[in-house]
Amino acid sequence: MLFWIRKTIHITACFYVLIFGLLNTAPIYSAKLEQAGQTGFLVVAADRGTAGNEEIRKAFNAFSASHPAALVFVTDEHSRQILQSGLSRLNQHNIGRIVVLPLFISAAEPRYQLIHKLISEENQTIPCDFHETLWRE
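What this report covers is the structure whose coordinates are included nearby.

About the thresholds
Residues numbered from 1 in each chain as written. Predicted model: local features only at pLDDT ≥ 70, side-chain atom pairs only at ≥ 80, totals over all residues. Heavy atoms only, no water. Helix = DSSP H or I, 4+ residues; strand = E, 2+ residues; numbered from the N terminus. Expected span 1.5 Å × (residues − 1). Buried < 20%, exposed > 50% of the residue type's maximum accessible area, 1.4 Å probe, protein only. Arc of directions from axis to C-beta. Contact = heavy atoms within 4.5 Å. Axes fitted to C-alpha atoms, helices over the stretch in contact; angles between N-to-C directions. Parallel < 35°, antiparallel > 145°, perpendicular 65-115°, else oblique. Left-handed = near helix turned anticlockwise from the far one by under 90°. Salt bridge = Lys/Arg side-chain N within 4 Å of Asp/Glu carboxyl O. Pairing = 2+ DSSP bridges. Right-handed = clockwise from strand over helix to strand, strands pointing away.

Below, the discussion takes up helix 4 (residues 79-91). Given a rise of 1.5 Å per residue, 13 residues ought to cover 18 Å, and the 18 Å separating the end C-alpha atoms of helix 4 matches this to within 8%. Burial in helix 4 covers these residues: Ser79, Leu83, Gly86, Leu87 and Leu90. The buried residues of helix 4 occupy an angular sector of 100° when the element is viewed end-on, so they sit on one face. Buried positions along helix 4 lie against strand 1 (38-46), strand 2 (69-74), strand 3 (95-103) and helix 5 (110-122).

At a minimum axis separation of 10 Å, helix 4 and helix 5 run at an interaxial angle of 55°. Regarding the angle of helix 4 to helix 5, the classification is oblique. Two packed elements cross with a definite hand, and for helix 4 against helix 5 that hand is right-handed. On helix 5, the residues touching Ser79, Arg80, Leu83, Gln84 and Leu87 of helix 4 are Ile115, Leu118, Ile119, Glu121 and Glu122.

Using the criterion set out here, one finds seven salt bridges in the structure. For Arg80, the salt bridge identified is with Glu121, shortest N-O distance 2.8 Å. One end of the pair, Arg80, is in helix 4; the other, Glu121, is in helix 5, with 41 residues separating them in the sequence. Its relative accessible area of 22% is what places Arg80 among the partly exposed residues. A salt bridge links Arg111 to Glu109; its shortest N-O distance comes to 3.1 Å. By relative accessible area, which is 26% here, Arg111 ends up partly exposed. What emerges from the salt-bridge pattern is a single network uniting Glu77, Arg80, Glu121 and Glu122.

The subject of this paragraph is the pairing of strand 3. Looking along a regular strand, one sees the side chains alternate between the two faces of the sheet. Along strand 3, nine of the nine residues are buried, which leaves the element largely enclosed by surrounding structure. Both strand 3 and strand 4 (residues 128-130) contribute to a ladder of three bridges, which runs parallel. Bridge pairing in strand 4 places Val100 opposite Phe130. The parallel pair strand 3 and strand 4 is bridged by helix 5, and the resulting crossover is right-handed.

To continue, consider the pairing of strand 2. In terms of burial, strand 2 is largely enclosed, as six of its six residues are buried. With burial as the criterion, each face of strand 2 is covered, one bearing Ala69, Leu71 and Phe73 and the other bearing Ala70, Val72 and Val74. As defined by bridge partners, strand 1 adjoins strand 2 across six bridges and the pair is classed as parallel. Within strand 2, the residue paired with Ala45 across the bridge is Phe73.

Listed below in structure tokens is the structure:
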């Protein structure tokens, strides 16, 4: 139980650090906004059940209030439909590119590899950048 609580706190803290880091890099993104439309953010995370997902949702809601963003929880191949829905929401914001923010501990995580593949297959129209910084303990 203690390990789960520690892991939950770690993931939530990492998400907040990532969000605040992106907010501080706004001048970098703003130069491109004029040319190609807004930058949209696709936050992808492993499905951790009701309690774990709720913590990520709370942090995500604060971020998405001021940025065009979509949240996708990855389980298995059925995640394709959830991804399509998230990409559709981003397209409604007239974005010029997508920055993918993965909330995974390791690139070796099978669900990370799956979502990376699904995004490449499903997103054929908007340039997509993977923010490859993965969180480690």
